[in-house]
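So you can see what is in the structure, the chains are spelled out below.
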Amino acid sequence: MTPHSFAICAYKDSPYLEACIRSLQAQTVKSDILLCTSTPSSFIKELCEKYGIPMFIRYGESNIRDDWNFAYHKADSRFVTIAHQDDCYHKDYVKTLTAYAEKYPDMTLFTSGYAVVKDNKLATFEAVEFIKRILRLPLRLKGFSHLSAVKRSALIFGNSICCPVCAYHKERLGEPLFTSPYRFALDWDTLYKLSGMPGRFVCVERPLMFYRVHQEATTKACIADNSRAREEAEMFRKIWPEPVVKLLMHFYRKAYKEYE
């Protein structure tokens, strides 16, 4: 078992997939890279062959939970980052992850800040990301981030942790990792579950990933069909009474405009 793997989840023929692969291969500390897909194509296969990446096909209907669990399963490493095909990673991502894994042996989740990319340009200021940075503040108290209350404090007002930048300790967390029935709130529900388990969440407030917002992104599709609002409200109901849920959702619906 190796220290870390990037398991890329590829869906259809993303024009950003090659940039993602190149960012993973450019890491200052090398890591295993594999690609998993439930929508195999010659485009994906040729990219895997070009960069010498093993490709694994999951047969059956595509869905985020099963695709992520498949990628997580195929990664034979202590830590696994499920890389999203549209995003790119800073060259020091694995270097930083490795350093903190050595410092905190009980670390079950590694995460960091991220920068937003819109229309192939780096966004100078994003209000939503700024608020999420504030919500992640408790996790920067690394001496206390093994406590469930501290871990959950970063999740009770919404999911302040960006899923593609997360690395999961596979040996400690086991399989399957993603058991939530949600489509959009799948990562939030999973992190909330993990926050109640033994282990430390380590957050480095440095942008180690470039998160791309574009018209074909799943986030935009979930806003359009209202599934995002429905699932986020259900998550809040697990934590807060109904009057607080209504208040939080009022502000969350306003935040959806960030994806326009």
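These numbers were taken from a predicted model, which means no experiment stands behind them.

### Focus: the pairing of strand S2 (residues 32–37)
At step 1: Judged by how many residues are buried, S2 sits mostly within the fold: 5 of 6 residues are covered.
At step 2: Both strand S1 (residues 2–10) and S2 contribute to a ladder of 6 bridges, which runs parallel. The residue of S2 that forms the bridge with Ala-7 is Leu-34.
At step 3: Between S1 and its parallel partner S2, the chain crosses via helix H1 (residues 17–25), and the hand of that crossover is right-handed.
At step 4: Both S2 and strand S3 (residues 55–57) contribute to a ladder of 3 bridges, which runs parallel. Its bridge partner being in S3, Leu-35 is matched across the sheet by Met-55.
At step 5: Assessed by its sense of winding, the connection that carries the chain from S2 through helix H2 (residues 42–51) to S3 is right-handed.

### Quick word on the packing of H1 against H2
At step 1: Two elements in contact, H1 and H2, have axes separated by 11 Å at closest approach and are oriented at 25 degrees. As far as their axial angle goes, H2 and H1 are roughly parallel. When you trace H1 past H2, the crossing you get is right-handed. Residue-level inspection shows Leu-17, Glu-18, Ile-21, Arg-22 and Gln-25 of H1 in contact with H2, the latter providing Phe-43, Ile-44, Leu-47, Lys-50 and Tyr-51.

### Examining the side chain of Ser-77
At step 1: Checked against the element boundaries, Ser-77 lands in strand S4 (residues 77–84).
At step 2: Ignoring anything within four residues of it in the chain, the contact list for Ser-77 reads Met-1, Thr-2, Pro-3, His-4, Ser-5 and Lys-170.

### As for the packing of aromatic side chains
The way to describe two aromatic rings as a pair is by their centre distance and the angle between their planes.
At step 1: On inspection of all chains with the given rule, the structure shows 11 aromatic pairs.
At step 2: Ring centres 5.9 Å apart and planes at 85 degrees place the aromatic pair Tyr-168 and Phe-178 in the edge-to-face group. Here Phe-178 lies in the loop between helix H7 (170–173) and helix H8 (186–195) and Tyr-168 lies in strand S8 (residues 167–169), a separation of 10 residues in the sequence.
At step 3: Note on Tyr-168: relative accessible area 2%, which makes it buried.
At step 4: Between the aromatic rings of Trp-188 and Phe-236, the centroid separation amounts to 5.0 Å while the plane-to-plane angle is 80 degrees, which identifies the pairing as edge-to-face. With Trp-188 in helix H8 and Phe-236 in helix H10 (residues 227–237), this pair connects stretches of sequence that are 48 residues apart. The exposure classification of Trp-188 matches that of Phe-236, with both residues buried.
At step 5: Here a set of aromatic residues connected by ring pairs shows up, and it is made of Phe-6, Tyr-89, Tyr-93 and Phe-110.
At step 6: Over the ring of Tyr-192 we find Arg-152; its NZ or CZ atom is 4.3 Å from the centre of that ring.

### Considering the environment of Glu-234
At step 1: Inspection of the secondary structure assignment puts Glu-234 in helix H10.
At step 2: Judged by relative accessible area, Glu-234 falls into the partly exposed class, the value being 32%.
At step 3: Between the C-alpha atoms of Glu-234 and Cys-9, which are 225 residues apart in sequence, the distance is 26 Å.

### As for the pattern of salt bridges
At step 1: Taken as a whole, this structure holds 13 salt bridges when the rule is applied.
At step 2: Between Arg-133 and Glu-129 there is a salt bridge, with the nearest N and O atoms lying 3.7 Å from each other. Of this pair, Arg-133 and Glu-129 both sit in helix H5 (residues 127–135), separated by 4 residues, roughly a single helical turn.
At step 3: Owing to a relative accessible area of 5%, Glu-129 belongs among the buried residues under this scheme.
At step 4: A salt bridge links Glu-205 to Arg-136; the shortest N-O distance between them is 2.7 Å. Of the two residues, Glu-205 is situated in strand S9 (residues 200–213) and Arg-136 in the loop between H5 and helix H6 (148–153); the sequence distance between them amounts to 69 residues.
At step 5: The exposure class of Glu-205 is partly exposed, given its relative accessible area of 22%.
At step 6: Overlapping salt bridges bring together Glu-129, Arg-133, Arg-136 and Glu-205 as one network.

Cut-offs applied
- Note on numbering: residues in each chain are counted from 1, in written sequence order.
- Given that the model is predicted, a residue must reach a pLDDT of at least 70 before its local features are reported, and side-chain atom pairs must reach 80 or more before they are shown or counted; all residues, however, enter totals for whole chains, interfaces and linings.
- To obtain the side-chain values, all non-hydrogen atoms of the structure were used and water was disregarded.
- Residue burial is assigned from relative accessible area. The probe radius is 1.4 Å, only protein chains are included, and a residue is buried under 20% of its type maximum, exposed over 50%, and partly exposed in between.
- Helix numbers and strand numbers start at the N terminus; a helix is a DSSP run of H or I with at least 4 residues, a strand a run of E with at least 2.
- Only strands joined by at least two bridges in the DSSP assignment are considered to pair.
- Handedness of a crossover: with both strands directed away from the viewer, a clockwise path from the first strand across the helix to the second marks it as right-handed.
- Only the stretch in contact is used when a helix axis is fitted, and all axes are lines through C-alpha atoms; the angle between N-to-C directions ranges over 0 to 180 degrees.
- Angular relationships are summarised with four words: roughly parallel below 35 degrees, roughly antiparallel beyond 145, roughly perpendicular across 65 to 115, and oblique for the angles in between.
- Note on convention: the crossing is left-handed when the near helix lies turned anticlockwise from the far helix by less than a right angle, right-handed when the turn is clockwise.
- Contact between two residues is taken to exist if any of their heavy atoms lie within 4.5 Å; hydrogens are not considered.
- Classification of ring pairs uses Phe, Tyr and Trp, with its six-membered ring standing for Trp, and accepts pairs whose centres are within 6.5 Å; under 30 degrees between planes counts as stacked, over 60 as edge-to-face, and the remaining range as tilted.
- Charge over a ring is defined by NZ of Lys or CZ of Arg lying within 6 Å of the ring centre and within 35 degrees of the ring normal.
- Put simply, a salt bridge is a Lys or Arg side-chain nitrogen that is within 4 Å of an Asp or Glu carboxyl oxygen.

Without other data, these values stay purely geometric and don't point to any function.
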